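What follows is the residue order along each chain.
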Amino acid sequence: MATDTELILGGMTCASCANRIERKLNKLDGVTATVNYATEKAHVTSDGVPTETLIKAVEDAGYSATLPAEEPSEVPETDPMKQRLLISAVLSVPVVAMAMVPALQFTNWQWLSLTLAAPVVVWGAWPFHKAAWTNLRHGTSTMDTLVSMGTLAALGWSLYALFFGTAGTPGMKHPFELTIARMDGSSNIYLEAAAGVTTFILAGRYFESRSKRRAGAALRALLDLGAKDVTVLRDGVEKQVPVADLAVGDLFLVRPGEKIATDGVVHSGASAVDASMLTGESVPVEVSAGDAVVGATVNVGGRLVVEATRIGSDTQLAQMAKLVEDAQTGKAQAQKLADRISGVFVPIVIAIAVGTLGFWLGTGGSVAAAFTAAVAVLIIACPCALGLATPTALMVGTGRAAQLGILIKGPEILESTRRIDTVVLDKTGTVTTGVMTLLAVHPAPSEDADDVLRVAGSIEAGSEHPIARAIADAAQRTSPVDEFANVAGSGVTGVVDGRAVVLGRASLLADWSSPLPPELQQAMTDAENDGRTAVAIGWDGRARGVLVVADAIKSTSKQAVAELRELGLTPVMLTGDNEAAAKKIAAEVGIDHVIAGVLPEGKVDAVTRLQSEGKVVAMVGDGVNDAAALATADLGLSMGTGTDVAIEASDLTLVRGDLRAVGDAIRLSRRTLTTIKGNLFWAFAYNVAAIPLAAAGLLNPMLAGAAMAFSSVFVVSNSLRLRRFRAS
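Residues numbered from 1 in each chain as written. Predicted model: local features only at pLDDT ≥ 70, side-chain atom pairs only at ≥ 80, totals over all residues. Heavy atoms only, no water.

Put simply, the test is: UniProt positions are given in the numbering used here, feature names are shortened, and annotations may be inferred rather than shown by experiment.
As named in an unreviewed UniProt entry, the chain is Cation-transporting P-type ATPase B, taken from Rhodococcoides kyotonense. Taken directly from UniProt, the Subcellular location (unreviewed entry) text for the chain runs: "Cell membrane". Taken directly from UniProt, the Catalytic activity (unreviewed entry) text for the chain runs: "ATP + H2O = ADP + phosphate + H(+)".

Printed below as a string of structure tokens:
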């Protein structure tokens, strides 16, 4: 049986490292591994391969691996990368300044440059040298190999020029220009390039790691939403305990302003609950005894006693966080392509650098000019931006989606959204509320509508039938009922305020000698033709009114359908209702295409039929009977208010039951995919354009280092723009 293992990786410094670990793990029998450079995690699926074997494979590749439980819980107070960057920057600034400004070049200034630059190249760039050495021992190379070779070569050349050339002569001047021009470095030193490149690349790595932490902030914020302590009621005594000590079935107290500790059902009390941090829905939801509540939401009203139903990793919050993390750990097709390219890129670059050196020397160029061009090729080529292009956009995009109540199950889902042209909407619970609501009261002539509703609400108050609940909930005032009786399949009878009341089908009233007059009969016929449910009420031998009940359309459905059209999508409504009723609801929300009279098992056939017509179909549903259709569709979106089965079968889960979230999910997915493509374009274009310039001797190593560092920061910054995405 396949098992999933997650490993926390250490020692990775670039996308090539991630690619190498992934290849090493995948060489093990029965192992399928995905390594994400941005999250520094490996997701491994294996046929019972021991964890020790997986960790050893990573260590054999020259990196470290631990299980998530072994991660350090506290972030170190000092960031070693930041410390290394600051010291390198302080030492490098005077080196670069002296090299760039001839007026600062006092007698023997070059020896001070060596004193300041050597620690930067040796100690500042030590992570690159260490990684390069590890790679060399394993017969491979990564981007760190390029950085290490470039900076050590620049330092080595400078040492040669100082000790064996003319660069060490007192009074030597160095006319340095930070421009794109062919350079002849005879008798020149390259300490400013070695120190400057090291500092630029350290800066790029530091801002890159900081941005990665910010990109993953949404996931950490999700996990931090939960309450830390809870007041448990045990044997009638209130006791404060950590949330981790809660057990299923425990009763716990939630005071106004407190977070609900875990998922549960209200045992007693009534209040309003603010679920905006989980659902994105700003309006608090009223809850009372019997209603389900979700952990991490805030009690904004009265005192509640809640019975815990799910704890720990089973809670909705934990499952949301898991979905987000899984999406960030996966790989989009674009990222797989970038990984393959970065895997062969480094050897090619080294070959180009060697070729550049040979070409310049072979065509009579100076050793210094040849050397400068070769070092510039090594440094400009570092494709860190390539490795960051997809994962950073994925992290920010999926994290922002989670904040808006949209859970994206994997990166491949983003690619599906781009092709979607048809959205199939299940009616009940998706376009409509899925709850029966009283729509109209038609009183008989000379009767008062409020009085008819009050009497009807009174007699229905004791019933749990959906139609009865709709009428009882709509009645603001009720009276006690005597002699209540249920007439199976037909209605109910009872005595209200001394009146013998009968409510139900028209045939039941006829049996009680209370036939419907023509006006009420017409109201009932019209309601039924519209697909609604109508019940009649009478007392004291006369029919007094007709009440019309239906599954009400959600207030946001019309706007949501309009937004789907604006995205270039064709909405289709799928329902088991009769065609007349379905078309009326569809017309109200602006849907032109209706597939009606479909049995639950026929929903898959309806989706398949649309696909056979060349449509790329997204399906939105919420019930158990939607699960197969959600899985069949090219993109399945489940309403988070629906069943666990539907949520499991879908690709995206919309935590709030608002259909507008469908448009938001598709817009955000498309925006994320566009960002990934933009990142990859700039990363590829940058290297394709810059390497020939460097090989031609038109880029000095310091400019190359600055440009390389900038490209990584640009890609990450571009991804972070997704944090500004706003829901409609």
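## Examining helix H21 (residues 579–589)
Applicable threshold: With a 1.4 Å probe rolled over the protein chains alone, any residue whose accessible area is under 20% of its type maximum counts as buried; one over 50% counts as exposed, and the rest are partly exposed. In DSSP terms, a helix is any run of H or I states spanning at least four residues, a strand is any run of E spanning at least two, and both are numbered starting from the N terminus. Directions from the helix axis toward the C-beta atoms define the arc.
Every buried residue of H21 is accounted for by Ala581, Ala582, Ile585, Ala586 and Val589. The buried residues of H21 occupy an angular sector of 130° when the element is viewed end-on, so they sit on one face.

## What about the confidence of the model for the chain?
Definition in use: Values of pLDDT, which run from 0 to 100, indicate the predictor's confidence residue by residue. Two residues form a contact once any of their heavy atoms are found within 4.5 Å.
Residue-level pLDDT values for the chain average 79, and 82% of them are 70 or greater. The model gives residues 70–77 a pLDDT under 50, and that stretch makes one contact with residues more than four places away or in other chains. Every residue in residues 177–186 is under pLDDT 50, and counting partners more than four places away or in other chains gives 29 contacts.

## As for the packing of aromatic side chains
Worth spelling out the cut-off: Two rings from Phe, Tyr or Trp (for Trp, the six-membered ring) form a pair when their centres are within 6.5 Å of each other. A pair whose planes differ by under 30 degrees is stacked, one over 60 is edge-to-face, and the rest are tilted.
Going through the model one piece at a time under the given rule, you end up with four aromatic pairs. The interplanar angle of 85° and the centroid separation of 6.4 Å between the aromatic rings of Phe359 and Trp360 together place this pair among those described as edge-to-face. Ring centres of Phe681 and Trp682 lie 5.3 Å apart, and the angle between their planes is 75°; this geometry places the pair in the edge-to-face category. Classification of Trp682 by relative accessible area gives partly exposed; the value is 47%.

## Section: the pattern of salt bridges
Note the following rule: By definition, a salt bridge exists where a carboxyl oxygen of Asp or Glu is found within 4 Å of a side-chain nitrogen of Lys or Arg.
Taken as a whole, this structure holds 15 salt bridges when the rule is applied. With a closest N to O distance of 3.7 Å, Glu238 and Arg303 form a salt bridge. One end of the pair, Glu238, is in strand S6 (residues 237–242); the other, Arg303, is in the loop between strand S12 (298–299) and strand S13 (304–310), and 65 residues separate them in sequence. Under the relative-accessibility criterion, Glu238 is labelled partly exposed at 42%. A relative accessible area of 45% means that Arg303 is categorised as partly exposed. Between Asp473 and Arg469 there is a salt bridge whose closest N-O contact spans 3.4 Å. Here the residue Asp473 and the residue Arg469 both occupy positions in helix H17 (residues 466–474), the gap between them amounting to four residues, near one helical turn.

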